[in-house]
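What the coordinates show
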Amino acid sequence: MCYRQAMALPLIAVLNGPNLNMLGLREPEIYSAQTLDDLEAYCAEAAESLDLAIDFRQTNGEGELISWVQECRGRAAGLIINPAGYTHTSVALMDALLAIDLPVIEVHLSNIHRRESFRRHSYASRAATGVICGLGFTGYRLALTALADIVEVEQ
Ligand code: CA2
């Protein structure tokens, strides 16, 4: 066993907000023809290649999403979040993200700047270290890559 394997891998929480459980079932031209399970498998494979562990979750509830963000404190090394519709509405989620003192990458499957004007504003972005949008599943892999770099520098 190599030295790296003997150590606990940094944990990255990958949190997904409302309606992302519908991935692959509707609007494939905007989001993806692949499902949320496919996205989880894609992230797990990317994380393994980067020596990261992930905790991948989806919820339709704002309160549950906020509780999961709070749980990251002291548990995770970083957070990837696609807040979905709460991106554009939730001051409470923004406050939770600001409070955890962790690197946060905000990811959107679609390019929120090419769509309706209400999607251009993100409360979550005020708390994000970085934002990736419009690249589909690839955005999650890029977010994991960025966090692998950030976490390594912090160690
Ligand atoms: O592009 C993204 O990832 C979004 O966060 C997705 C949200 C949307 O409200 C944001 O503006 C951008 C919507 C998630 C809904 O996902 C669905 C997937 C398939 C079918 C229906 C909804």
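Below is a short write-up of the structure. It should be emphasised that the depicted structure is a prediction, and the values quoted were computed from it without experimental measurement.

Close to the ligand lie 17 residues, the nearest being Asn82, His88, Leu109, Ser110 and Arg119. In this structure, Asn19 approaches the ligand through a main-chain N or O atom, which is 3.4 Å from an oxygen atom. Contact between the ligand and His88: an oxygen atom at 2.7 Å from a side-chain N or O atom of the residue. Considering the ligand on its own, with 510 Å² of exposed area, one finds that the protein chains cover 93% of that surface. With respect to the pocket detection grid, the ligand is positioned in the largest pocket. Across the shell around the ligand, the residue classes tally to eight nonpolar, six polar and three charged.

With that settled, consider the side chain of His108. Structurally, His108 is set in strand β4 (residues 104-108). Here Glu106 takes part through its side chain, which lies 2.6 Å from a polar atom of the side chain of His108.

Within the structure shown, the criterion is met by one cavity of 30 Å³ or more. If you add up the space inside the largest cavity, you get close to 40 Å³. Around the largest cavity, the lining residues are Ala13, Leu15, Asp55, Arg57, Trp68, Glu71, Cys72 and Arg75. With three residues, helix α3 (residues 62-72) is the single largest residue contributor to the lining of the largest cavity. Here the residues of the lining of the largest cavity are counted per class, giving four nonpolar, no polar and four charged.

Attention now moves to the nonpolar core. Ranked by internal contacts, the top residues of the largest apolar core, which has 24 residues, are Ile12, Leu23, Leu39, Ile80, Ile105, Tyr140 and Leu144. Where this core is concerned, the elements lending two or more residues are β1 (11-16), α2 (36-49), β4 and α5 (137-154). If you tally residues by element for this core, the top one is α5, at seven residues. Residues contacting Ile105, with those up to four places away along its chain left out, are Leu79, Ile80, Ile81, Thr129, Gly130, Ile132, Ala143, Ala146 and Leu147.

The complete set of buried residues in helix α4 (residues 91-99) reads Leu93, Met94, Ala96 and Leu97. Axial view of α4: buried residues confined to an arc of 160 degrees, hence all on one face. Where the residues of α4 are buried, they touch α3, β3 (78-82) and β4.

Rules behind the numbers
- Residue indices begin from 1 for each chain and proceed along its sequence in written order.
- Reporting in this predicted model follows two pLDDT cut-offs: at least 70 for local features of residues, and 80 or more for side-chain atom pairs to be given and counted; totals over whole chains, interfaces and linings ignore these cut-offs and use all residues.
- No hydrogens and no water enter the side-chain calculation; it runs on all heavy atoms of the structure.
- Think of it this way: one heavy atom of a residue within 4 Å of a molecule or strand is enough to make that residue near it.
- Polar contacts, as counted here, are pairs of nitrogen or oxygen atoms within 3.5 Å of one another; within protein the pair requires one atom able to donate a hydrogen and one able to accept it, and residues that are adjacent in sequence qualify only if both atoms are side-chain atoms.
- Here the accessible surface of atoms and residues is derived via Shrake-Rupley with a 1.4 Å probe, and residues count as covered only by protein chains that are part of the display.
- Grid points spaced at 1 Å over the protein atoms alone were grouped into cavities, where a 1.4 Å probe fits but cannot get out, and pockets, open sets with protein on both sides within 12 Å along at least five of seven lines, with lining residues defined by an atom within 4 Å of a point.
- The rule for placing a molecule in a cavity or pocket is simple: more than half of its atoms must lie within 2 Å of the grid points.
- Three classes are used, and their members are as follows: Ala, Val, Leu, Ile, Met, Phe, Trp, Tyr, Cys and Pro are nonpolar, Asp, Glu, Lys and Arg are charged, and the others, Gly among them, are polar.
- Here a strand is any run of E in DSSP of at least two residues, a helix any run of H or I of at least four, and the numbering for each starts at the N terminus.
- Grid points are joined across faces, edges and corners, and a volume is the space filled by probe spheres set on the points.
- Buried residues of nine kinds, namely Ala, Val, Leu, Ile, Met, Phe, Trp, Tyr and Cys, make up a nonpolar core once their side-chain atoms join them within 4.5 Å.
- Type-normalised accessible area, obtained with a 1.4 Å probe on protein chains alone, sets the label of each residue: buried when under 20%, exposed when over 50%, and partly exposed for intermediate values.
- The criterion used for residue contact is that any of the two residues' heavy atoms lie within 4.5 Å.
- By arc we mean the arc of the directions from the helix axis to the C-beta atoms, nothing more.

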